Each structure stands twice: as structure tokens, then as C-alpha cells.
Amino acid sequence: MKLFDVYPINDITIVKAKGSYVWDQEGQQYLDLYGGHAVISIGHTHPHYVQRITDQLNKVGFYSNSIHIPLQVELADKLGKVSGRPDYQLFLCNSGAEANENALKLASFHNGRKKIIAFTKSFHGRTSLAVAVTDNPAIQAPVNKTDNVIFLPYNDEAALEACFKAQGEEISSVIVEGIQGVGGIVEASAPFLQKISQLCKQYNAIFIADSVQCGYGRSGKFFSHDYAGVDADIYTMAKGMGNGFPVAGIIIAPHLHSKHGMLGTTFGGNHLACAAALAVLEVIEQEKLIDNAVATGNYLMSALKKIPQLQRVRGKGLMIGFDVPEKLKDLRKNLLFRQQVFTGEAKPNTIRLLPSLALRKKDADEFIIAVEEEIHAMTASAKPVK
Ligand SMILES: Cc1ncc(COP(=O)(O)O)c(C=O)c1O
């Protein structure tokens, strides 16, 4: 059987990983500023993480949600504490799209409404409702198209206000990334998030903060929406939550009530996933990784700003983007194949950095040297190596 060929693939096979580094089968080392798409939060193969999952696997790996799973309660307590939302409720699932799907569905159960506001350049996942609120028609199948989603310009308070004024009684929820990831590292402004919060309260709509990529400490606060000083009704999370173990969740404000059978999933909150998620939170706390994201992020951003060829260096914490001019359009590819550094991208010309929150200054220095060397080589020779 062949694999269903949906991913463009780099010709690299990773066989070993540690901290902010990975190695291929020839033993070549790579610096990882991509974190497998913002997933590696505490560093590859962190010993505490490996130990906790191994210990759990030797006890019980899985049983369904039909029995008590005390690890879920432990995770809810810890997450409430670390996220600063002890009074919220946790529902566990398996991926970012599924988290958003459940959040949108829960909002609609709550207020009985159908319309959802989403924003230009948003990305919320690929399941039916998640992709319907994603601003990319190319990844929506005909069956995903719906009249229930209203796309408004991101960071436009007036458009939001006008939409609520016209049809506020029909709006079930507003879904917004605190920092757009796939959209190119674009921050939601504080007044914009405050306006969403205010209008949702006024019209009994649900404010959903998609924190799948920008959450879990990556921005230097647990949720990037926290920079605006607002509380969303539902936060969705995934990527960094399990440091690679597939685990996701939504946390839900106390005024939203549960009912048996309302939401559910077979694998959500299984023993291994909870052990992985607990290990991640323990390391984030013990190693003060959110503080590190601020310090190393600021350090990296100020060094990037000193490189004259890079444009619009931006971001928060360790969620950083910069644009490259046309003549350096192969920079990302060359960083990977000539400097052995993984980075992310956003179309058309943004390089995205989404490293582990444990990235050290020395790793950041190594990255800056690689970028400078590569820019020098590219501008000197003008011919990138394939
Ligand atoms: C902001 C955001 N939401 C949702 C998702 C979907 O997450 P997943 O791929 O785990 O379904 C992503 C994935 O990149 C994302 O960046």
C-alpha cells in the first residue's frame, strides 16, 4: 500500500532528537527552530516527559471515559493553576481541529444559535466546522461550505461592531487566534480582543480564543489573548500541550454548563495523553519556560532586527516571524539544507520561528550566525544550491 500523498516532504529522515536539536539517519545534526510545527514545547525527549509516559505505559495506557481517570482531574487542576483559570472546566480531545470543532459546537448548544464570526487569514483546522471558519477556500470541500460563517477583517473593530449591530442576536460565537500563525504571525490588537469580549458579553455570544498555536506559554503568557487583559469563554489548545503526544483540549468558563452526551471522544483524555500533558506542565513550571520564552524571544527578536535584509521582524515570546525579500526567497530552504536549521514558513514570504520554549540564548546565537552566513552566501553567489 502507498501513502496518500498529501504532504510536500523535505528529503530528511529524523531518527533522534534532544532539546532543540534533531539528527538524521546519517548522523547530521539540525537546530530545530520549528518545533515540528509549534508542537515541541519543553524540548525533544525531555527526560521527565519520557519517564512519566514510560511509567504510565507500564501501568495502564488506555481505558475509555466510562471509568474514573484520576489523571484527568490532576491535569485539570494543574492546567487551571498554570493558566490562571482555576474555575474553568476541561474537556479533553486529540487535535487542534477537534478542539475548535467542540468549542464551536458547545457555543451553539449553549445559546441555540448558528452564526459564527471568523476573521481574514484565520486558520482553525481541517474538520468540517473548523475548516469552515478557516479563511482558505482551497482546503474547504464543497460539503464544508456553509452560510453560517461570517468572515470579517482581522483587527477591525468597526466591522465587528457593525456586524453585531446588524445581526448580534444570531451570532453564536466569535473565534479568533491571539496571534495568527498560518496567517503569518500577526497579532490581534488589544483593543480588538477587548471589543470581541465586550460584544460577546453584550449579545450573549461565546468568545472562543483559538490558542492551538499561540497558546501554552509560547507567546510569553499562557494564552496570548492574556496580553489584552480579557477572559475568553472558551480557550482551545493542542500543539504544545503534549510536546508531541497527541492531546488537545478546551477549557470552558463556569457559566457554560455540561450535559451527559453533549461532547465526547474515545481517545480524549486517555491515561497516556494525560501523563504526557502533566509532564509538560510540570516542566513548564519547574523550568520557568514561560519566562524563558519572553527572555529568549526578546533576545532573538532584537538580534533579528539588526539584520538589515530581514523585514518586519515581529511576534511575541517564541512565536516570531519575519519577511524575506524576493532575492532571498530561498533562505528557508537554504537554512535547512546548507545550514541544517529547521524553520517554519507562512505564504508568501514569511519565515516563522516556533522553537521549544526551552530554547537557550546559545541556540538563538547559533541561529543568528546561520542566517547571517546564509544571507552572505546568497547575496555573494546569487545562486542557491538545490
Ligand atoms: C491556530 C490553529 N488552530 C487549529 C489548528 C489545527 O490543529 P491540528 O492540526 O492539531 O488539527 C492549527 C494547526 O496548525 C492552528 O495553527
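A quick note: this is a predicted structure, and the numbers were derived from the prediction, not measured.

Our next topic: the overall build of the chain. Within the chain, the secondary structure is distributed over eleven helices and 17 strands. A compact globule built from 386 residues would reach a C-alpha radius of gyration of about 21 Å, and the chain, at 21 Å, matches this within 12%. Taken across its 386 residues, the chain has 48% of its residues classed as buried. Of the contacts formed within the chain by residues at least 6 apart in sequence, a portion of 74% connects residues at least 24 apart.

Position of A190 among the secondary structure elements: in helix α7 (residues 190-203). Separated by 37 residues in sequence, A190 and Y227 place their C-alpha atoms 7.0 Å apart. When sequence neighbours within four positions are dropped, the list of residues in contact with A190 reads Y227 and A228.

With that settled, the discussion passes to the domain arrangement of the chain. Domains assigned within the chain are domain 1 (47-286) and domain 2 (288-355 + 368-381). Distance from the C-alpha centre of domain 1 to the C-alpha centre of domain 2: 28 Å. With 15 residues of domain 1 in contact, the opposing surface of domain 2 contributes 16 residues. Here the residues of the side of domain 1 that touches domain 2 are counted per class, giving seven nonpolar, six polar and two charged.

Let's shift gears to the sheet that holds strand β15 (residues 341-342). In spatial order, the strands read β1-β2-β3-β15; together these four strands make up an open sheet with mixed pairing. Sheet topology places β1 (14-18) and β15 at the edges, where each strand pairs with a single neighbour. Both β1 and strand β2 (residues 21-24) contribute to a ladder of four bridges, which runs antiparallel. Opposite K16, over in β2, you have W23 as the bridge partner.

What follows is about the pairing of β2. The turn linking β1 back onto β2 is made up of two residues, and G19 within it adopts a positive phi angle of 60°. By the bridge criterion, three bridges tie β2 to strand β3 (residues 29-32) in an arrangement that is antiparallel. Looking at β3, one finds that V22 is bridged to Y30. In this structure, the hairpin formed by β2 and β3 is closed by a connection of four residues, where G27 is found at a positive phi of approximately 90°.

What follows concerns the sheet that holds strand β17 (residues 350-353). A sheet is described by the order of its strands in space; here four strands give the open sequence β13-β14-β17-β16, paired in antiparallel fashion. Only two strands of the sheet have a single neighbouring strand rather than two, namely β13 (311-316) and β16 (344-346). Taken pair by pair, the neighbouring strands of this sheet meet at an average axis angle of 25°, ignoring direction. Of the strand pairs in this sheet, β13 and strand β14 (residues 319-323) are connected by four bridges, and their pairing is antiparallel. Paired with G315 across the bridge in β14 is I320. Packing of helix α9 (residues 289-305) onto the sheet brings it into contact with β13 and β14, and relative to β13 it is tilted by some 175°.

Attention now moves to the site of the ligand. Looking at the ligand, there are 14 residues lining it, with G96, A97, G125, V212 and Q213 nearest. At three residues, the largest contribution of residues to the shell around the ligand is made by helix α4 (residues 96-111). In the shell around the ligand, the residues fall into five nonpolar, seven polar and two charged.

Turning our attention to α9. Three or four residues apart is the spacing at which side chains of an α-helix point the same way, because the helix has 3.6 residues per turn. End to end, α9 covers 23 Å across 17 residues, agreeing with the expected 24 Å (1.5 Å per residue, within 8%). For α9, the set of buried residues is L289, I290, N292, A293, T296, G297, L300, M301 and L304. All buried residues of α9 project into a common sector of 145° when viewed along the axis, lining one side.

The next point concerns the nonpolar core. Among soluble globular proteins, nonpolar side chains are generally buried collectively. With 108 residues, the main nonpolar core has V174, I208, I234, A276, A277 and V280 as its most contacted residues. Considering every element that reaches this core, the biggest residue donor is helix α8 (residues 271-286), with twelve residues. Contact partners of A277, with chain neighbours within four places excluded, come to L75, M241, G242 and V247.

Two elements in contact, helix α6 (residues 157-167) and α7, have axes separated by 10 Å at closest approach and are oriented at 10°. Judged by the inter-axis angle, α6 sits roughly parallel to α7. Each of E157, L160, E161 and F164 in α6 lies in contact with α7, whose residues at this interface are P191, F192, K195, I196, L199 and Y203. Residue classes in the contact of α6 with α7 are distributed as seven nonpolar, no polar and three charged.

A word on the pairing of β17. Of the two faces of β17, the one lined by T350 and R352 and the one lined by I351 and L353 are each fully buried. In terms of strand pairing, β14 meets β17 through four bridges, oriented antiparallel. Residue pairing across strands places D323 opposite T350, the latter belonging to β17. With antiparallel pairing between neighbouring strands as the criterion, β16 and β17 make up a hairpin whose turn holds three residues.

Mapped onto the elements, G269 comes out in the loop between β12 (248-252) and α8. Classification of G269 by C-beta neighbours within 10 Å gives buried; the count is 22. The spatial distance from the C-alpha of G269 to the C-alpha of E366 is 38 Å, given a sequence separation of 97 residues.

About the criteria used
- Residues numbered from 1 in each chain as written.
- Predicted model: local features only at pLDDT ≥ 70, side-chain atom pairs only at ≥ 80, totals over all residues.
- Helix = DSSP H or I, 4+ residues; strand = E, 2+ residues; numbered from the N terminus.
- Rg over C-alpha atoms; globule rule 2.2 N^0.38 Å.
- Buried ≥ 20, exposed ≤ 12 C-beta atoms within 10 Å, placed from the backbone.
- Contact = placed C-beta atoms within 7 Å.
- Domains from an automatic or database assignment.
- Nonpolar A, V, L, I, M, F, W, Y, C, P; charged D, E, K, R; others polar.
- Pairing = 2+ DSSP bridges.
- Axes fitted to C-alpha atoms, helices over the stretch in contact; angles between N-to-C directions.
- Near = placed C-beta within 6 Å.
- Expected span 1.5 Å × (residues − 1).
- Arc of directions from axis to C-beta.
- Core = buried A, V, L, I, M, F, W, Y, C linked by C-beta atoms within 7 Å.
- Parallel < 35°, antiparallel > 145°, perpendicular 65-115°, else oblique.

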